[in-house]
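Read off the chains here:
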Amino acid sequence: MTRFPESEAAYDRRRLHQWAGGRARADGVARRDLLRLLAAAGLASTAPVALSTNTATAAGTAGASGVAGEGIVKPLPPERFIVHGTNAETRFEALADTGHLTPASHFFVRNHTTTPRIDAATWRLSIWGDGLAGGARQFSLADLRSLPSVTRTAFVECAGNARNFFKTQQNQPASGTPWTTGAIGTARWRGARLSDVLRRAGLSHRAVDVMPRGLDDEYVTSNGTNYGRVRRPMPVSKALDDVLLAYEMNGEPLPLDHGYPVRVLAPSWVGISSIKWLGDIEVSSVPLYSPWNTDFYRLYGDAYPPEGSAPLTRQTLKSAFELPWNATLPAHTRHRLTGRAWSASGAITRVEVSTDGGASWRRAHLHDSSHPGSWTRWSTPWTPGKPGPVELLSRATDSTGRTQPETTVHNTQGYLFDAVVRHAVTVGA
Ligand SMILES: Nc1nc2c(c(=O)[nH]1)N[C@H]1C(S)=C(S)[C@@H](COP(=O)(O)O)O[C@H]1N2
Ligand SMILES: [Mo]
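Just so we're clear, the structure is a prediction, and the values are computed from it rather than from any experiment.

Let's talk about the pattern of salt bridges
On inspection of all chains with the given rule, the structure shows 15 salt bridges. A salt bridge links Glu322 to Arg340, with the nearest nitrogen and oxygen atoms 2.6 Å apart. Of this pair, Glu322 sits in the loop between β15 (317-321) and β16 (327-330) while Arg340 sits in strand β17 (residues 335-343), and the two are 18 residues apart along the sequence. There is no split in this pair, since Glu322 and Arg340 are both buried. Between Glu352 and Arg350 there is a salt bridge, with the nearest N and O atoms lying 3.6 Å from each other. A single network of salt bridges, built from pairs that share partners, joins Arg145, Arg190 and Glu248.

A word on the packing of aromatic side chains
One pass over the full model with this rule turns up 16 aromatic pairs. Judged by centre distance (5.9 Å) and plane angle (15 degrees), the rings of Phe92 and Trp342 are stacked. In this pair, Phe92 sits in the loop between β3 (87-90) and β4 (125-128) while Trp342 sits in strand β17, placing the two residues 250 residues apart along the sequence. Each member of the pair Phe92 and Trp342 is classed as buried. Ring geometry for Tyr297 and Tyr415: centres 5.0 Å apart, planes at 25 degrees, overall stacked. With Tyr297 in the loop between β14 (288-289) and β15 and Tyr415 in the loop between β22 (388-398) and β23 (422-428), the pair connects residues that are 118 residues apart, well separated along the chain.

With respect to the sheet that holds β23
Taking strand neighbours across the sheet as the criterion, the five strands line up as β16-β23-β22-β18-β19 in an open arrangement whose pairing is mixed. If you trace the sheet from one side to the other, it starts and ends with β16 and β19 (362-363), each paired once. Summarising the sheet, strand β18 (residues 348-354) and β19 pair through two bridges and their orientation is antiparallel. Looking at the pairing, Val353 lines up with Arg362 of β19.

Criteria and cut-off values
Residues numbered from 1 in each chain as written. Chains lettered and ligands numbered in written order. Predicted model: local features only at pLDDT ≥ 70, side-chain atom pairs only at ≥ 80, totals over all residues. Heavy atoms only, no water. Salt bridge = Lys/Arg side-chain N within 4 Å of Asp/Glu carboxyl O. Helix = DSSP H or I, 4+ residues; strand = E, 2+ residues; numbered from the N terminus. Buried < 20%, exposed > 50% of the residue type's maximum accessible area, 1.4 Å probe, protein only. Phe/Tyr/Trp six-rings, centres within 6.5 Å; stacked < 30°, edge-to-face > 60°. Pairing = 2+ DSSP bridges.

Structure, rendered in structure tokens:
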């Protein structure tokens, strides 16, 4: 069994070694991509590669719908959401009076394809693979509900949240959905522990990776590459730690768009780890690869080795104002600026606000007792002076001592932006 702590890079290298030695499996990952990772990591001498991969290509564009918001079931009123293709971003200003938890009506949606409609009565979770001591096992929703339940407040945040600021603040565009800060929501999730389910399924000591997979359509890009169903391996160490198989969000059954009837909730990890519409989980005695831990969700770019970083795990540190972009605020009037700050690594210990473009900072009031992997509301009064354009800045610090930097080192896919966002507003006459 994989034991952490081990550096993620070392873990990744070991997995690649295993793949090269025929002791790992890669489905839907082009062989040349893994060879590239191997060669770049200086491990190519261990080739030849024993296992075949099967990237299928298909015509058509299942995922790339032309109609904005198509495939999302819930209403997407424009005052609450910014629609980006098959995805919907929450407008931060719409959170201003929602309390600590994000209601489902306001929660962002990140869909590779479209929200499927699954019959919970006939739904079964299948757990299978050579990392089980016995054979495959099936669980109904009633089976999961009969296990001890855990309730946990946690955010789900897309790895690409705030990606657009690489372009607008750093003049370094990145590929992917141009999220501003609204690809995050915090909810109270209830479900069974993945560890309980795995143990009941007969987890073997040989298991190293588990790979949850969704029941939504296969993800086919606009150029015809079929990546198969959305799936991403995680090490057994994370699976046994704090991962839930959630069937409730904020005290209600999961909404259709958020994974009904059951989703994975991997606290503090990039959103892709929290697979929606869970259908099966492979438990493997060898490391697994999917496009979501090779092509996607690694850091690539000038500052990174050619093989990219290790697969992303934890989210980072951010803060945002609950204000529309380019809001107008009357001069000489006392305003209450509000926002939220969050970290995947520690509690939020401080939020500072600058109303003069970063020249001076003052501390905001924190309104929630902070937990890692959740968010904290904050506020500060502001009486703007003379009319004109102003940039408002917020800067969070967490209990590990990290503070949001001025810039984030660029990566080509725009993940983990954590720099201070410069929020443009106008002081009106
Ligand atoms: N089956 C499936 N699971 C998925 C996805 C998906 O498209 N299909 N998107 C992932 C990504 S990239 C993110 S950020 C989160 C978003 O969760 P939400 O739509 O509930 O906000 O779900 C993850 N789980
Ligand atoms: Mo995501």
